[in-house]
Amino acid sequence: MSGPFLAPPKIARALLLCILLIAAGPLHAQPGSVPIDPQADVASERSLLQQMPRIEGRIDIQNPTAHVLEQPDGRVWRYFHEVLLHWTGAVVILGTILLLAVAYLVIGRLRISAGRSGIRVPRFDAFERFSHWLTAVSFLVLALTGLNVTFGKQLLLPVIGHDAFSTVSEAAKYVHNFFSFPFVAGLILVGTMWIRDNVPRAIDLVWFKEGGGFIPSKHPTAGRFNAGEKVVFWLALAFGAAVAVSGYLLLFPFYVTNIAGMQIVQVVHSLVAILFVALIIGHIYIGTLGMEGAFEAMGTGSVDLNWAKEHHGLWLEEKAAKGRAPRALPSGTPAE
Amino acid sequence: MARMKFLCDAERCIECNACVTACKNENEVPWGINRRRLVTINDGKPGERSVSMACMHCSDPPCASVCPVDCFMVTADHVVLHSKDLCIGCGYCFYACPFGAPQYPSVSNFGSRGKMDKCTYCAGGPEPDNTQAEFAKYGANRLSQGKLPLCAEMCSTKSLLAGDGDIIAQIYKERVAKRGYGSGAWGWQTAYHEGIPA
């Protein structure tokens, strides 16, 4: 069909060769007019950097990082670390504190509506509290020493001077490295012991719809953990896993990844850590200042019966059914 | 005051590694650390070039701005120095440095880094010039004696140049003009925000 209209391949190639030879002809005709260019195969620094983010080569030094000749992205990472991270950190953390301050001023401390019954219901056993506080103390230490690396230069250094700040920061670096181990251990304990009670259920949606317990007149019921606590649980596990994995990659630099990887890992570690700090500030607020009767659950291990009724009605019923909690009570809440 | 810079003319580098050795010897650099190193690009292929690299003493040095304890200082000659008394070995300057200059002695297991070590442009450290304390931490202070860094001083092909930035740039430009080619002043665009047209 199309055969007659196409030149046979051999003829086409011969024609192409002729054209090339004619084009190249003048060069061969006048040898010497074009200087020999020993650069013909050399990629200049500029063209190499246009093709790839880093210039790498071969080196004899036994060091996994030494073969990278140039990585201009270091300046990009500097921009993240010195500008973006500082602003993100300041806005997210101060924003969270501001939001909670407003919540405290507007809603105030959430009281036990029915008042205290004086009857205690066990909520967290000793091992659960140990696991929680292991995680919590490690987190606080990690958060403070971590924030020192990012904000210490602006906040603490001008106050205590270079020498003292350097001493503090070096100690903080080691503390940060070593407290990662109890933190991860605590996270694993907390994660495994509470995962069953934190599986999302249909009732969690109702809890959100009814204002999540933030409307003092409403007490949406919940199982052992309400939807808010479940959010904290799952986010803490997710953030914890992310900071742990990225943190260990930073603790073992260049074992797994190259320079670009290290920069990305640091970005992930610092951004997730800031979100984590904001989450935990909220968690601390609702567990202490924000709600009457909440702290004692993790402090002493038991809660007031009326608090349990108002916030974790289903859990209390389950417990009562198993005979582990007082059943009907001196009618704590009057029928309204 | 002069603005001190390094310039490596890759067309002249013969990959002899004398600059690396000279630096290690002159400054008694600790084991496992190389303040200067030599990277070969396109090794064994047409267009192979070797480049000698160390701290470029950048304008607006990224290491100094990311340092969480503010341990860097820039001298009047624009040599970037740091204090090993303040350094906490966090490793951030290595992530920020475009040239892989900061090095850390391994002080314990895992990734624990000791005090950072890098090229001082043979200008010592914050201690008083040419004292034992200065030499132990930072190595030689040739600049205070009116001498240039030894790596460049003993480069057999004068590929590696050190000195006032304007003067070494002029030398390189003249070379490029005379021989008709050059692969560029490696690192200059990144370090000093100015290239030298090759």
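Before reading on, note that the structure itself is shown above.
Let me begin by describing the structure that accompanies this report. (Residues numbered from 1 in each chain as written. Chains lettered and ligands numbered in written order. Predicted model: local features only at pLDDT ≥ 70, side-chain atom pairs only at ≥ 80, totals over all residues.)

## A few points about the overall build of chain B
For chain B, the count of helices and strands is 7 helices and 6 strands. Reading the helices (α) and strands (β) of chain B from amino to carboxyl end gives β-α-β-β-α-β-β-α-α-α-β-α-α. A principal-axis box enclosing the C-alpha atoms of chain B has dimensions of 50 × 40 × 30 Å. Expressed as a percentage of its 198 residues, the buried residues of chain B come to 52%. Once local pairs closer than 6 in sequence are excluded, the contacts in chain B between residues at least 24 apart make up 55%. (Helix = DSSP H or I, 4+ residues; strand = E, 2+ residues; numbered from the N terminus. Buried ≥ 20, exposed ≤ 12 C-beta atoms within 10 Å, placed from the backbone. Contact = placed C-beta atoms within 7 Å.)

## A short note on the nonpolar core
Among the nonpolar cores identified, the biggest contains 74 residues, and F6, C8, V51, C93, A96 and L160 of chain B are the most heavily contacted of them. With 5 residues, the top contributor of residues to this core is helix α3 (residues 92-96) of chain B. Look past the residues within four positions of C8 of chain B in its chain and what remains in contact with it is C13, V51, S52, S159, L160 and W186 of chain B. F183, L187, V277 and A278 of chain A belong to the second largest nonpolar core, which has 14 residues in total. (Core = buried A, V, L, I, M, F, W, Y, C linked by C-beta atoms within 7 Å.)

## Let's talk about unusual backbone geometry
Note on backbone geometry: most residues besides glycine have negative phi, and most peptide bonds are trans. Residue and element names in this part refer to chain B. Non-glycine residue N17 carries a positive phi angle of around 65°. Mapped onto the secondary structure, N17 falls in the loop between β1 (4-8) and α1 (18-27). Residue class for N17 comes out partly exposed when judged on the 17 C-beta atoms lying within 10 Å of it. A positive phi angle, near 55°, is found at K158, a position not held by glycine. Mapped onto the secondary structure, K158 falls in the loop between α5 (150-153) and β6 (160-164). C-beta crowding within 10 Å serves as the criterion here: with 12 such atoms nearby, K158 is assigned to the exposed category.

## Quick notes on the packing of helix α6 (residues 162-194) of chain A against helix α8 (residues 227-251) of chain A
Residues and elements named next belong to chain A. The N-to-C vectors of α6 and α8 enclose an angle of 150°; their axes lie 10 Å apart at closest approach. With respect to α8, the axis of α6 lies roughly antiparallel. The hand of the α6/α8 crossing is left-handed. Contacts from N177, S180, V184, L187, G191 and W194 in α6 reach F233, L237, G240, A244, G247 and L251 in α8. Partitioned by chemical class, the residues of the contact of α6 with α8 number 7 nonpolar, 5 polar and no charged. (Axes fitted to C-alpha atoms, helices over the stretch in contact; angles between N-to-C directions. Parallel < 35°, antiparallel > 145°, perpendicular 65-115°, else oblique. Left-handed = near helix turned anticlockwise from the far one by under 90°. Nonpolar A, V, L, I, M, F, W, Y, C, P; charged D, E, K, R; others polar.)

## Focus on the interface of chain A and chain B
With 45 residues of chain A in contact, the opposing surface of chain B contributes 40 residues. Of all the elements in the fold, those that place two or more residues in the side of chain A that touches chain B are α2 (45-51), β2 (68-70), α3 (73-106), α4 (126-155), α6 and α9 (259-287) of chain A. Considered class by class, the residues forming the side of chain A that touches chain B number 19 nonpolar, 14 polar and 12 charged.

## Concerning the packing of α4 of chain A against α6 of chain A
All names here are of chain A. Orientation of α4 relative to α6, taken along the N-to-C sense of each, is 145°, at an axis distance of 7 Å. Crossing geometry of α4 relative to α6 is assigned as left-handed. Looking at the contact of α4 with α6 residue by residue, the classes come out as 15 nonpolar, 12 polar and 1 charged.

## Quick look at α4 of chain A
All names here are of chain A. V149 marks where α4 bends most, by close to 60°. Within α4, the full set of buried residues consists of S131, T135, S138, F139, L142, T145, G146, N148, G152 and K153. Turning to α4, the residues buried within the fold contact α5 (157-160), α6 and α9. (Bend = angle between axes of the 7 residues up to and from the residue.)

## Examining the environment of A103 of chain A
Mapped onto the elements of the fold, A103 of chain A is located in helix α3. Separated by 106 residues in the primary sequence, A103 of chain A and K209 of chain A place their C-alpha atoms 18 Å from one another.

## Notes on the environment of E170 of chain A
Residues and elements named next belong to chain A. Within the secondary structure layout, E170 lies in helix α6. On the basis of neighbour counts, which here come to 17 C-beta atoms within 10 Å, the residue E170 falls in the partly exposed class. Separated by 25 residues in sequence, E170 and T145 have C-alpha atoms that sit 9.9 Å apart.

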